[in-house]
Amino acid sequence: MKVLHICETVKGGTATYLNELIPLLLARKDKMQVRLLMPREHITEVPDIGPASLVFFFRPNRAFGLFFLFWSTY
């Protein structure tokens, strides 16, 4: 199974949730493919997630970040 988590921002509770969830999904025996699409500048918020599971989009600020997030999903 393939799972893609898409986050406009990864801070606070969202980071805590993803730091717990994604390693558990990757440890499953059925070998799920899990990716997290997130802003590059928030990489320090998810230290428990390996770089192979991270995909980044450009987020110069919050308003324009949504535009780049939209284009990153295609």
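Parameters and conventions
- Residues numbered from 1 in each chain as written.
- Predicted model: local features only at pLDDT ≥ 70, side-chain atom pairs only at ≥ 80, totals over all residues.
- Heavy atoms only, no water.
- Helix = DSSP H or I, 4+ residues; strand = E, 2+ residues; numbered from the N terminus.
- Polar contact = N/O pair within 3.5 Å; in protein donor to acceptor, adjacent residues only side chain to side chain.
- Contact = heavy atoms within 4.5 Å.
- Buried < 20%, exposed > 50% of the residue type's maximum accessible area, 1.4 Å probe, protein only.
- Pairing = 2+ DSSP bridges.
- Right-handed = clockwise from strand over helix to strand, strands pointing away.
- Expected span 1.5 Å × (residues − 1).
- Arc of directions from axis to C-beta.

K.L.:
Explanation requested: the side chain of Asn19 in the structure shown.
P.N.:
Looking at the element boundaries, Asn19 is found in helix α1 (residues 13-26). Looking at Asn19, its side chain comes within polar contact range of the main-chain oxygen of Glu45, at 3.0 Å. A distance of 3.3 Å separates a polar atom in the side chain of Asn19 from the backbone nitrogen of Asp48. Each residue touching Asn19, except ones within four places of it in the same chain, is listed here: Glu45, Val46, Pro47, Asp48 and Ile49.

K.L.:
Would you take a moment to explain the pairing of strand β2 (residues 33-39) for this structure?
P.N.:
Each regular strand shows side chains that alternate between the opposite faces of the sheet. For β2, a buried count of five out of seven residues is recorded, marking the element as mostly surrounded by other parts of the structure. Of the pairings in the sheet, the one linking strand β1 (residues 2-6) to β2 comprises five bridges and is parallel in character. Note that in β2 the partner of Lys2 across the bridge is Gln33. In this fold, β1 hands off to α1, which returns the chain to β2; that crossover is right-handed. Both β2 and strand β3 (residues 54-57) contribute to a ladder of four bridges, which runs parallel.

K.L.:
How should I be thinking about the environment of Val46 in this particular structure?
P.N.:
As for its position among the elements, Val46 is in the loop between β2 and β3. The class for Val46 is buried, based on a relative accessible area of 2%. Between the alpha carbons of Val46 and Tyr17 there is a distance of 9.7 Å; along the sequence they are 29 residues apart. In contact with Val46, not counting residues within four places along its chain, are Val10, Asn19, Leu36, Met38 and Leu54.

K.L.:
How should α1 be read in this particular structure?
P.N.:
Since the α-helix turns once every 3.6 residues, residues separated by three or four places project in the same direction. If you check α1, its first and last C-alpha atoms are 20 Å apart, about what 14 residues at 1.5 Å a residue would give, namely 20 Å. Taken as a whole, α1 has its buried residues at Ala15, Leu18, Asn19, Ile22 and Leu25. Taken end-on, α1 shows its buried residues confined to a sector of 155°, consistent with a single buried face. Opposite its buried face, α1 presents the exposed residues Gly13, Tyr17, Glu20 and Leu24, each directed more than 90 degrees away. Those residues of α1 that are buried are in contact with β1 and β2.

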